[in-house]
Amino acid sequence: FLRDMRDQTSLEKTIERFNPTERPATTIIEATNHGVNPEISVQADFVVIDGETEMRRENISIADLDHLTAPYPLATRAGQFIFTTPLAGVDAKTGLLARSFDDLTAEELELLEPPYSKPEEMSAAQHVMVFRHIRRILESQGAPLGSHIHQNCWLRIPMQEWGPSAKVRRQL
């Protein structure tokens, strides 16, 4: 968590120094919430494999999705655990954010429960697209969507607009 995203380059250089050969799946977000100590510039948490375990870290790559999280891997696998780098609702082919239901497949549209306001439609379309990417990552590892045990979602919308996306998540 960074206090100011302008410090991201410095943080990434530090991450690279500690992981010179291969970066793990990584999340970097700005934490400016009320109550965050203004003197703390960066906070971090880690999931670590001890040196005595035979489990190895392996980065997951899918050629047409890798650019979405570069320079970090899409995900990192350690034994039976898969850790994804945060993904946005971006169309992998165009590089553009999903803006409407026009950006979704017919199968994905069946998950939706209209009507939606325009902001709700954009949010729901992006949410479906995120799960499109997550599904591909998990399936590449033989894990079905819905087998995840934890997820975080970061919103840039008012919680009042979250309801339609929550409906989408229940369908997935």
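Residues numbered from 1 in each chain as written. Predicted model: local features only at pLDDT ≥ 70, side-chain atom pairs only at ≥ 80, totals over all residues. Heavy atoms only, no water.

A.B. asks: It is not clear to me how the nonpolar core should be interpreted in this structure. Could you clarify?
C.D. replies: Leu74, Ile134 and Ile137 are the most contacted members of the largest nonpolar core, which totals 14 residues. Among the elements that line this core, the one with the most residues is helix α3 (residues 118–140), at five residues. Look past the residues within four positions of leucine 74 in its chain and what remains in contact with it is Ile60, Ser61, Ile62, Leu65, Asp66, Thr69, Phe83, Thr84, Thr85, Leu87 and Ile137. (Core = buried A, V, L, I, M, F, W, Y, C linked by side-chain atoms within 4.5 Å. Buried < 20%, exposed > 50% of the residue type's maximum accessible area, 1.4 Å probe, protein only. Helix = DSSP H or I, 4+ residues; strand = E, 2+ residues; numbered from the N terminus. Contact = heavy atoms within 4.5 Å.)

A.B. asks: I keep staring at unusual backbone geometry and nothing clicks. Help me out?
C.D. replies: Residues other than glycine predominantly adopt negative phi, and peptide bonds predominantly adopt the trans conformation. Omega for the peptide link from alanine 70 to proline 71 comes to 10°, which places this bond in the cis form. Take proline 71: it is sitting in the loop between β1 (57–60) and β2 (75–78).

A.B. asks: Would you take a moment to explain helix α1 (residues 8–18) for this structure?
C.D. replies: Residue pairs three or four apart in sequence face the same way in an α-helix, which turns once every 3.6 residues. Of the positions making up α1, those classed as buried are Leu11, Glu12 and Ile15. Within α1, the buried residues cover an arc of 100° as seen down the axis, which keeps them to one side. (Arc of directions from axis to C-beta.)

A.B. asks: Is there a simple way to explain the pattern of salt bridges in this structure?
C.D. replies: Across all of its chains, the model carries five salt bridges by this definition. Of the charged contacts in the structure, one is a salt bridge between arginine 132 and glutamate 108, with a shortest N-O distance of 2.7 Å. With arginine 132 in helix α3 and glutamate 108 in helix α2 (residues 106–109), this pair connects stretches of sequence that are 24 residues apart. With a shortest N-O distance of 4.0 Å, lysine 118 and glutamate 121 are connected by a salt bridge. In this pair, lysine 118 and glutamate 121 are both assigned in helix α3, three residues apart and thus about one turn of the helix distant. Judged by its relative accessible area of 51%, lysine 118 is exposed. Among the residues examined, glutamate 121 registers a relative accessible area of 16% and is labelled buried. (Salt bridge = Lys/Arg side-chain N within 4 Å of Asp/Glu carboxyl O.)

A.B. asks: I keep staring at the sheet that holds β2 and nothing clicks. Help me out?
C.D. replies: In a beta sheet, neighbouring strands pair by backbone hydrogen bonds and run either parallel or antiparallel. Strand order in the open sheet formed by three strands is β1-β2-β3, with antiparallel pairing between adjacent strands. Two strands lie at the open edges of the sheet, namely β1 and β3 (81–84), each paired on one side alone. Going from strand to strand, the sheet's axes swing by 25° on average, the running direction of each strand aside. Here β1 pairs with β2 via four bridges, running antiparallel. Across the sheet, the residue bridging to asparagine 59 is threonine 76, located in β2. Across the face of the sheet, α3 comes into contact with β1, β2 and β3 while running at roughly 150° to β3. (Pairing = 2+ DSSP bridges. Axes fitted to C-alpha atoms, helices over the stretch in contact; angles between N-to-C directions.)

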